[in-house]
Amino acid sequence: MRISLSASRYQCCVKFIKQVFIILSMKLSKRIDYSLLIPDATDAQIKKLCSSAKKFDVGAVCVNPHYVKLCKKLLKKIGVVSVVGYPLGQNLTETKVFEAQKCFRDGADEIDIVMNIGAFKSGKYGFVLKELKEVVNVAKKFRKKSKVIIEASILSDSGIKKASLLALKAGADFVKTGTGHAGPATAGQVRLIKSAVKGKCGIKASGGISTRAKALSLIKTGASRIGASNAKAILS
């Protein structure tokens, strides 16, 4: 069956589709933590990140602690996320606590904490939980949010679930799939985290997300945040 449309009706349909696309883009943009975490990031690159963040109206930028103050100065209506124990997670607990405190004092709205993966894989669950609680409690004292990075790409399925439960028990607001260094975020990882936390905290998918299709697929699977270094590719 063929449906014919007049030129005016066709143009109305096109306009409507474009409007729907814009609305969906706006909703997606606010789920994105627009990241620049490379070791050689310069002031100029961070300024460009912030300018681009405003252009695409993302939810937040995610930067190393050194750049929190600069981002906070440049961004008034967009959140600033920083990282703690990044990227390996094997800093001393005292170091992570201090780093979290400094991030918030410098203006961070949220922190992404790298779990001590080595301790976790060694079966030191009590130590991992205690450390996470100490860092998460810093966020709570500042009335800010925290995410725990579990590096799902190098964990077994049961390990992903166990790590997610530890993050939840520590009081984190989100479980984050990974730093991106160990591998990309997958729908399978998100499903496992979702099955463990059962809606009691959010899920941030991060690593290798560079298309709108993948971002939307991960959101459909259960991710409530997307960590991405190329917001333009996802939102344009």
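Given the structure is predicted, the values throughout are model-derived calculations rather than measurements.

What follows is about the confidence of the model for the protein chain. A low pLDDT means the predicted coordinates there should not be read in detail. Overall, the prediction assigns the protein chain a mean pLDDT of 93, with 91% of residues at 70 or greater. When the criterion is pLDDT under 50, residues 19-26 qualifies, and its contacts beyond four places in sequence or with other chains add up to 3 contacts.

Strand order in the closed barrel formed by 8 strands is β1-β2-β3-β4-β5-β6-β7-β8, and the pairing between neighbours is parallel. Recorded for the sheet is a direction-independent mean angle of 25° between the axes of neighbouring strands. The pairing of strand β3 (residues 79-84) with strand β4 (residues 110-114) spans 4 bridges and is parallel. In the strand pairing of β4, Ser82 is matched with Ile111. Relative to the sheet, helix α8 (residues 187-197) contacts β6 (174-176) and β7 (202-206), its axis offset from that of β7 by approximately 165°.

Generally speaking, a soluble globular protein has its nonpolar side chains buried in company with each other. Residues Ile46, Val58, Ile111, Met115, Ile150 and Ile226 are the most contacted members of the largest nonpolar core, which totals 68 residues. Ranked by residue count, the leading element in this core is helix α6 (residues 125-141), at 7 residues. Counting residues in hydrophobic clusters, the runner-up holds 8 residues, among them Leu37, Val81, Val114 and Ile149.

Moving on to the pattern of salt bridges. Two side chains that carry opposite charge are able to pair once their charged atoms sit near each other. Scanning the model with the defined rule gives 15 salt bridges in all. Between Lys69 and Asp106 there is a salt bridge whose closest N-O contact spans 4.0 Å. Of the two residues, Lys69 sits in helix α3 (residues 68-74) while Asp106 sits in the loop between α4 (93-105) and β4, which places them 37 residues apart along the sequence. Asp106 sits in the buried class, given a relative accessible area of 15%. Here Glu110 ties to Arg225 by a salt bridge, and the two come within 2.7 Å at their closest N and O atoms. With Glu110 in strand β4 and Arg225 in strand β8 (residues 225-228), this pair connects stretches of sequence that are 115 residues apart. Exposure class is identical for Glu110 and Arg225. Each is buried. One connected set of salt bridges, linked through shared partners, spans Asp33, Glu110, Asp112, Lys147, Lys176, Lys204 and Arg225.

Our focus in this paragraph is empty space enclosed by the protein. One pass over the structure, following the stated rule, counts 1 cavity of 30 Å³ or more. Estimates place the volume of the largest cavity at around 30 Å³. If you go around the largest cavity, the residues you meet are Glu151, Ala152, Ser153, Thr177, Gly178, Gly183, Pro184, Ala185, Gln189 and Ser206. A breakdown of the residues in the lining of the largest cavity according to their chemical character gives 3 nonpolar, 6 polar and 1 charged.

For α8, the set of buried residues is Gln189, Val190, Leu192, Ile193, Ala196 and Val197. In a view along the axis of α8, the buried residues occupy a sector of 160°, so they form one face of it. Residues of α8 that are buried sit in contact with α7 (157-170), β6, β7 and α9 (212-221). In the stretch just after α8, Lys198 is the one whose phi turns positive, near 50°.

It is worth spelling out the pairing of strand β2 (residues 60-63) at this point. Remark: a regular strand shows side chains that alternate across the two faces of the sheet. On β2, burial covers both faces: Ala60 and Cys62 on one face and Val61 and Val63 on the other are all buried. In terms of strand pairing, strand β1 (residues 32-36) meets β2 through 4 bridges, oriented parallel. From the neighbouring strand, Leu36 faces β2, where its bridge partner is Val63. On the question of chirality, the crossover connecting β1 to the parallel β2 by way of helix α2 (residues 43-56) is right-handed. By the bridge criterion, 4 bridges tie β2 to β3 in an arrangement that is parallel. Along β3, the bridge assignment pairs Val63 with Ser82.

Parameters and conventions
- Residues numbered from 1 in each chain as written.
- Predicted model: local features only at pLDDT ≥ 70, side-chain atom pairs only at ≥ 80, totals over all residues.
- Heavy atoms only, no water.
- pLDDT = per-residue confidence, 0-100.
- Contact = heavy atoms within 4.5 Å.
- Pairing = 2+ DSSP bridges.
- Helix = DSSP H or I, 4+ residues; strand = E, 2+ residues; numbered from the N terminus.
- Axes fitted to C-alpha atoms, helices over the stretch in contact; angles between N-to-C directions.
- Core = buried A, V, L, I, M, F, W, Y, C linked by side-chain atoms within 4.5 Å.
- Buried < 20%, exposed > 50% of the residue type's maximum accessible area, 1.4 Å probe, protein only.
- Salt bridge = Lys/Arg side-chain N within 4 Å of Asp/Glu carboxyl O.
- 1 Å grid on protein atoms, 1.4 Å probe; cavity = no way out; pocket = protein on both sides within 12 Å on 5 of 7 lines; lining within 4 Å.
- Points joined across faces, edges and corners; volume = space filled by probe spheres on them.
- Nonpolar A, V, L, I, M, F, W, Y, C, P; charged D, E, K, R; others polar.
- Arc of directions from axis to C-beta.
- Right-handed = clockwise from strand over helix to strand, strands pointing away.

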